[in-house]
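# Structure at a glance
Take a look at the letters that make up each chain.
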Amino acid sequence: MTMINSLSDLADAFNAGHDGGPLIDSVPDSLTPADMAAVYALQDTVISRLGPVGGWKIMAGGQGEPVCAPIPANRYFDNGASIDSTRYRFVFPEVEVAVKLGQDLPADADAAAVEAAIASLHPVLEMIGSPFVDRDAIHANVKLGDLQSNGAVVVGPAFDPGIKAELATLPVSLLFDGVEAKTTSTGASWTAIVDAVIWLARHATTRGLPLKAGQVIITGSRVLAPHGKASSIEGRMGDWGSVTARMTY
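My aim in this report is to walk through the structure given alongside it, one point at a time. (Residues numbered from 1 in each chain as written. Predicted model: local features only at pLDDT ≥ 70, side-chain atom pairs only at ≥ 80, totals over all residues. Heavy atoms only, no water.)

## A few points about the packing of aromatic side chains
Note the threshold: Within 6.5 Å between ring centres, the rings of Phe, Tyr and Trp (the latter by its six-membered ring) count as paired, and their orientation is classed by plane angle as stacked under 30 degrees, edge-to-face over 60, tilted in between. Each helix is a run of H or I in the DSSP string that is no shorter than four residues. Each strand is a run of E no shorter than two, and both are numbered from the N terminus. The cut-offs for exposure are 20% and 50% of the maximum accessible area for each residue type, with area from a 1.4 Å probe on protein chains only; residues under the lower value are buried, those over the upper are exposed, and the others partly exposed.
This structure, assessed with the given rule, holds 2 aromatic pairs. Plain terms: the ring middles of Phe14 and Phe132 are 5.9 Å apart, the flat faces sit at 85° to each other, and that makes the pair edge-to-face. On the criterion of sequence distance, the pair formed by Phe14 in helix 1 (residues 7-17) and Phe132 in the loop between strand 6 (118-129) and helix 4 (140-145) is long-range, its members being 118 residues apart. Residue class for Phe14 comes out buried when judged on its relative accessible area of 0%. Owing to a relative accessible area of 4%, Phe132 belongs among the buried residues under this scheme. Each ring, one from Tyr88 and one from Phe90, has its centre 5.9 Å from the other, and the planes form 25°; the classification is stacked. On the accessibility criterion, Phe90 (8% relative accessible area) is buried.

Structure representation (structure tokens):
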């Protein structure tokens, strides 16, 4: 049993559990975030132990204020990477659209500044990980504090910029070992993605983690499903492009 007596202990337990260490069976009520301010405080403790920020996750196009999390640089992988699903405790992949920044973004960035700063768009697979014995038994705010359950991000080749006009109705498929598992044709529009990054630029700066050139921001799940023991995972976005990863066990 992992002893958890402080936020630092909890952050260390998260990070160990995502890297083949002991699983967490429970989290004390006293350390369960009561609100989003506490969620973000926990995230900040987690990311401080993982090295530089490589990007962020945020749900674009949702209702109300977005929810976000920084992602450490060492959780980003190139297209076609082979990753140990057992070691990193992956439970399912999400197919998403990401934007890569070509320049830093200040807190007061407007739509024009955000559009100018986005160097490219990419298909990505976000691998959701769980450092818990029973993920379903863990309070939602604890999972949000665990960098929203991020385990890894696999980044595919850049899209043609013309995809911006098609994002709201983009056909997306998730394939396991070449077999289609799930599809969708709805998602955040270009405008919704830009609006999310505007919000994120301000929010990230208030946390002392301003958006930087080279960071990759993933913008929300379009399709997901448990991958079981599939060795090949592909996120396909119509004729626009795809992203793949290989799982080992």
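## With respect to the packing of helix 1 against helix 2 (residues 36-48)
To keep it simple, the criterion reads: In this analysis an axis means a line fitted to C-alpha atoms, helices contributing only their contacting stretch, and an angle means the value between N-to-C directions, from 0 to 180 degrees. Geometric relationships in this document are graded by angle, where less than 35 degrees denotes roughly parallel, more than 145 denotes roughly antiparallel, 65 to 115 denotes roughly perpendicular, and other angles denote oblique. By definition, turning the near helix anticlockwise from the far helix through less than a right angle yields a left-handed crossing, and turning it clockwise yields a right-handed one. When checking whether two residues touch, look at their non-hydrogen atoms; a contact exists if any pair is within 4.5 Å. The classification used treats Ala, Val, Leu, Ile, Met, Phe, Trp, Tyr, Cys and Pro as nonpolar, Asp, Glu, Lys and Arg as charged, and all other residues, Gly among them, as polar.
The interhelical angle for the contact between helix 1 and helix 2, taken along N-to-C directions, is 60°, at an axis separation of 9 Å. One element, helix 1, and the other, helix 2, form an angle in the oblique class. Between helix 1 and helix 2 lies a crossing of right-handed hand. On helix 2, the residues touching Leu7, Ser8, Leu10, Ala11, Phe14 and Asn15 of helix 1 are Leu42, Thr45 and Val46. Considering only residue class, the contact of helix 1 with helix 2 consists of 6 nonpolar, 3 polar and no charged.

## Let's talk about the pairing of strand 6
Cut-off, in case you're wondering: We treat two strands as partners when DSSP finds at least two bridges between them.
Taking burial as the measure, the 12 residues of strand 6 include 11 buried ones, the bulk of the element. With 11 bridges joining them, strand 5 (residues 90-101) and strand 6 adopt antiparallel strand pairing. Paired with Val97 across the bridge in strand 6 is Pro123.

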